[in-house]
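# Coordinate analysis (summary)
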Amino acid sequence: MKTQAELLQLLSRLLALPAETEWLEFKEAKENFDFTKLGKYFSALSNEANLNRQSAGWLIFGINTHHQVVGSNYRPDRAQLDKLKKEIADKTSGRLTFTEIHEVQHPQGRVVMFEIPPTPPGIPTAWEGHFYGRENESLSPLSLSELERIRHPAHPDWSAQTIADATLDDLLPQAILKARQQYQEKHPHLAEQVDSWNDTIFLNKAKITIAGRITNTAILLLGRPESVHWLSPAQAQMTWVLKDTQWGNSSLIRWNG
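Rules and cut-offs
Residues numbered from 1 in each chain as written. Predicted model: local features only at pLDDT ≥ 70, side-chain atom pairs only at ≥ 80, totals over all residues. Heavy atoms only, no water. Helix = DSSP H or I, 4+ residues; strand = E, 2+ residues; numbered from the N terminus. Buried < 20%, exposed > 50% of the residue type's maximum accessible area, 1.4 Å probe, protein only. Areas by Shrake-Rupley, 256 points an atom, 1.4 Å probe, with all protein chains shown as cover. Core = buried A, V, L, I, M, F, W, Y, C linked by side-chain atoms within 4.5 Å. Contact = heavy atoms within 4.5 Å. Axes fitted to C-alpha atoms, helices over the stretch in contact; angles between N-to-C directions. Parallel < 35°, antiparallel > 145°, perpendicular 65-115°, else oblique.

Okay, the overall build of the protein next. A tally of regular secondary structure across the protein gives 8 helices and 11 strands. Buried positions account for 43% of the 257 residues belonging to the protein. Accessible area for the protein stands at about 13,700 Å²; split by element, carbon and sulfur atoms hold 51% of it.

Okay, the nonpolar core next. In this structure, L38, L59, F61, Y74, L84, F98 and F114 are the most contacted members of the largest nonpolar core, which totals 21 residues. Elements represented by at least two residues in this core include exactly helix 2 (35-51), strand 2 (57-61), helix 3 (78-89) and strand 4 (109-116). Counting residues per element, this core draws most heavily on helix 2, at 5 residues. Residue contacts for F98: discarding those within four places in its chain leaves F42, L84, K85, I88, F114, E115, I116 and P117. Of all hydrophobic cores here, the second largest spans 20 residues; its members include I163, A166, W197 and A218.

In this section: the packing of helix 2 against helix 3. Two numbers describe how helix 2 lies on helix 3: the axes approach to 11 Å, and their chain directions differ by 75°. When the interaxial angle is binned, helix 2 and helix 3 end up roughly perpendicular. From helix 2, F35, L38, G39 and F42 reach across to helix 3, where they touch L84, E87 and I88.

Shape descriptors only; they carry no functional weight alone.
Here is the structure:
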């Protein structure tokens, strides 16, 4: 069970994302929320977490459309909140249900965070016999191509896998700065916006990190020399060399076996 401090940190990270993603949904739900719609979101976010290689999908009550905490009084009794696990399982394929339902005591009000497991490989999550997904921020039937991707998963993309305990401190500031410069050169129409983004937002936008989580790619491209241990059991050696007087370090990666 996550502590309140950990939940507040997680909530802050999710709120900092530039927009809702396929595996994340915010709702005000100040007093109540339609149960059938809740089930559809469970199916959609579970399927999208699988498709986007996320460790969980998230449905969060007590947040308005501007990503501001407004508080929710949805099922304030903990016993009634826990009953949702069985109520959802009764109508989902494989009796899949919430990993956990977290109550967060935020200074601006109570927030309810539903942690939804990604559907198992090969088995899409259905709600009352129907498979749901997301199109941008809207619920929709899961497309045939998405169904096939879940039913016949390709080999996992090692480079996109996240490292649970790695942080921005494992990345070299000079390397992030160089990445910003290269991003601006590639996307000149975004150059001014890039300067206003903090490192978390920039790395997410550049698809180097995923929802603020450090990926193997981030360590390979931007990691400090001592951060190589995060890549175990892959055997990689990272060496930083002086390239020119304006850019201090660039990475050379040598794979062994």
